[in-house]
Structures are given as C-alpha cells and as structure tokens.
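A structural walkthrough
Spelled out, the chains give:
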Amino acid sequence: MHDLPELRDHRDLESFATALADELPGQWRSGYHRHAEYADQFPLAEDVWDMNMVSGAIADIVLEHDAVLTREDGTRLYVIGRPRHSDEYLVAAMAPPGFIPEAFRGVREPDGIAVPDAPFRAADDITVDLMPRYDKALAQVQRNADHPAPSPQASAPAPERVVMTWFGDGLLAATSESQESATALHTSGFTWDPREMAFVLSGDDTAHQARCVREAGARLAYLDIGVVMRHPSSRPALETTSPAAPAPVKPSTRTR
C-alpha cells in the first residue's frame, strides 16, 4: 500500500467529524476516509442526497478526505471541508439504502448545508435545518416504496393506413404516411400529383386502374399497412393537363 499524499486541506476533518457526532442528538459514530487518488472520492459521494453546493463541490474539487456520520438507525451524513472557506464544512444527508430507484422519483433532495467550524453550532444547524428536510424526503420515499405508481403504459403507435379516395371523374387519389407506403404506391403505378398532395391513378383505363389498386393492396398488406377506401359525394374535375413528374421515391428496406 502506497503512502497517502500530503494534505493540502489542513482542516482537521477527522476531529471535527468525531466531535460533531458527539453533539448530534442520538447515537452517532464517525468514519473518516483519506483518499489516495481522485477517483476514491466517488464511491461514497454517489450516495450523497444533494443537487446543490455539496454535489457541486464533489464534482468540481479534488477532495482529499471526507467523513461519514452514521446514526444507530442507519441514517448517514456526509461531511467535507467547504472549498474556499477554511472555517466552514459542508454536510449533506446520504440517500437511504434498500430502496428501488423508482421510490426516489419525484422526491426533492434534502440539499446539504454549510456549517461553521464549531461542532456544537454545526450540530444545531443540522438538527434544525437539514434533518427535518431529510425526514420529510425519507417519508416520501417510503410512501413511494409502499405504494408504487403503476408503470405507465406506452400507447401503441396507431397502425399506418393508406386512404384511397375515388372521385366522380374516375380519379383515384391515395395518401401516404411513410416512405414504405409511398414506394408501394409508386411501384404499383400511382403517380405523385403535387396539386392533390397524393398519389393518383387516372380513371381513363379502368382495367389498368383496378390492376394497379390490387397490386398496391398486396404490397401494402405485406408491409402490414391497411387500406381505407372512400367515396366523396362530389368534386371539381382536375384540369386536363399532364400530371406532374412523380416525387422521387427512395427504395425502402424492411425487416420482417
């Protein structure tokens, strides 16, 4: 085992934590830890129940040592020196063990506090400020564990469908919602018409039109895409100009 580096934080954290444990109500014991390297600060720090200045200090500062106070019922407090404040310490509650992560959902962290380098005054600040918020958060975690919320049921996506609409002049227009259905329609003989914002089939050759519809229906069914047929009551006839060039359709792949 290699020697620990010399402390740059010269505060006597070990003595402070021991004295603080004696001043807090109840039976507490203190555990002091020196860190041989930067990564050593994180295993304990992962349990710190704080999203404010204590977690900020853990993330931003190389902590050379820390202390954990443990009460007889398992409650734990994390203690470090406050960066850039030589006469203060930071104290935060640690998350209670034994609960599933879902029990902590929606629970506000009982953020830690800065306390003076005076164990009696620090114990009073912890008792009056930090511990009531910890007890409130712990009670909510316990309620969540006792009465877990039902898992949200992910709504199944609506199945895709192609709507084919017959018009009075014999034109058939089909709307597409995906590249796959667009490819199926285009391959089956439908032509993209930007004025209609749909793939269309002329009614000039009803036999050809019927064959294209059957082919499109088979391709769409293979892709698990439904087809809905609609017949509007009336519609102005399209202009008799040639249809615009179809929109480019990229080949699609599908894994079944």
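Everything quoted here is computed from the prediction, not taken from an experiment.

Here we look at the overall build of the protein chain
- Of the regular secondary structure elements, the protein chain holds six helices and 10 strands.
- A total of 256 residues make up the protein chain; the buried ones form 36% of that total.
- Nonlocal contacts in the protein chain, meaning residues at least 24 apart in sequence, comprise 67% of its contacts between residues at least 6 apart.

Some points on the packing of aromatic side chains
- Under the criterion given, the structure shown has five aromatic pairs.
- Arranged with centres 3.9 Å apart and planes meeting at 5°, the rings of phenylalanine 16 and tyrosine 89 form a pair that is stacked. One end of the pair, phenylalanine 16, is in helix α1 (residues 13-23); the other, tyrosine 89, is in strand β4 (residues 88-93), and 73 residues separate them in sequence. Like tyrosine 89, phenylalanine 16 is buried.
- A centroid spacing of 5.1 Å and a plane angle of 65° characterise the contact between tryptophan 192 and phenylalanine 199, whose relative ring orientation is edge-to-face.
- Aromatic ring contacts, followed pair by pair, group Trp49, Phe99, Phe104 and Tyr134 into a single cluster.
- In this arrangement the basic side chain of arginine 11 is found over the ring face of tyrosine 89, its NZ or CZ atom lying 5.6 Å from the centre.

Some details on the environment of leucine 185
- Of note, leucine 185 is situated in helix α5 (residues 179-187).
- Assessed through its relative accessible area of 0%, leucine 185 is described here as buried.
- Distance from leucine 185 to alanine 174, taken between C-alpha atoms, is 8.0 Å for residues 11 residues apart in sequence.
- In this structure, leucine 185 is in contact with Val162, Met164, Ala174, Ser176, Phe190, Phe199, Ala216 and Leu220, ignoring residues within four places of it in sequence.

So, the packing of α1 against helix α4 (residues 119-146)
- Relative to each other, α1 and α4 sit at 55°, their axes nearing to 9 Å. With respect to α4, the element α1 is oriented oblique. Here the hand of the crossing between α1 and α4 comes out right-handed. Contact residues: Phe16, Ala19, Leu20 and Glu23 in α1; Pro119, Phe120, Ala122, Ala123 and Ile126 in α4.

Looking at the pattern of salt bridges
- For the coordinates displayed, the defined rule picks out six salt bridges.
- Between aspartate 73 and arginine 71 there is a salt bridge whose closest N-O contact spans 2.9 Å.
- Residue aspartate 73 is classed as exposed on the basis of its relative accessible area of 51%.
- The residue glutamate 88 makes a salt bridge to arginine 82 at a minimum N-O spacing of 2.5 Å.

Here's the deal with unusual backbone geometry
- Not every positive phi belongs to a glycine, and arginine 84 is a case in point at roughly 65°.
- Tracing the sequence through the fold places arginine 84 in the loop between β3 (76-81) and β4.
- The exposure class of arginine 84 is exposed, given its relative accessible area of 75%.
- A positive phi angle, near 60°, is found at aspartate 224, a position not held by glycine.
- Tracing the chain through its elements places aspartate 224 in the loop between α6 (206-222) and β10 (226-230).
- Exposure remark for aspartate 224: the relative accessible area of 54% places this residue in the exposed category.

A closer look at the nonpolar core
- If you look at the biggest cluster of nonpolar residues, it comprises 28 residues, and the most contacted ones within it are Leu20, Leu24, Leu69, Leu77, Val79, Val115 and Ile126.
- Within the residue set of this core, elements represented by two or more residues are α1, β2 (65-71), β3, β4, β5 (113-116) and α4.
- Of all the elements, α4 adds the most residues to this core, at eight residues.
- Among all residues touching leucine 77, those that are not within four sequence positions of it are Leu24, Trp28, Ala67, Val68, Leu69, Val91, Ala92, Ala93, Met94, Ile126, Leu130 and Met131.
- Core analysis: the second largest hydrophobic core is formed by 17 residues, Ala184, Phe199, Cys212 and Leu223 among them.

Calculation rules
- Residues numbered from 1 in each chain as written.
- Predicted model: local features only at pLDDT ≥ 70, side-chain atom pairs only at ≥ 80, totals over all residues.
- Heavy atoms only, no water.
- Helix = DSSP H or I, 4+ residues; strand = E, 2+ residues; numbered from the N terminus.
- Buried < 20%, exposed > 50% of the residue type's maximum accessible area, 1.4 Å probe, protein only.
- Contact = heavy atoms within 4.5 Å.
- Phe/Tyr/Trp six-rings, centres within 6.5 Å; stacked < 30°, edge-to-face > 60°.
- Lys NZ or Arg CZ within 6 Å of the ring centre and 35° of its normal.
- Axes fitted to C-alpha atoms, helices over the stretch in contact; angles between N-to-C directions.
- Parallel < 35°, antiparallel > 145°, perpendicular 65-115°, else oblique.
- Left-handed = near helix turned anticlockwise from the far one by under 90°.
- Salt bridge = Lys/Arg side-chain N within 4 Å of Asp/Glu carboxyl O.
- Core = buried A, V, L, I, M, F, W, Y, C linked by side-chain atoms within 4.5 Å.

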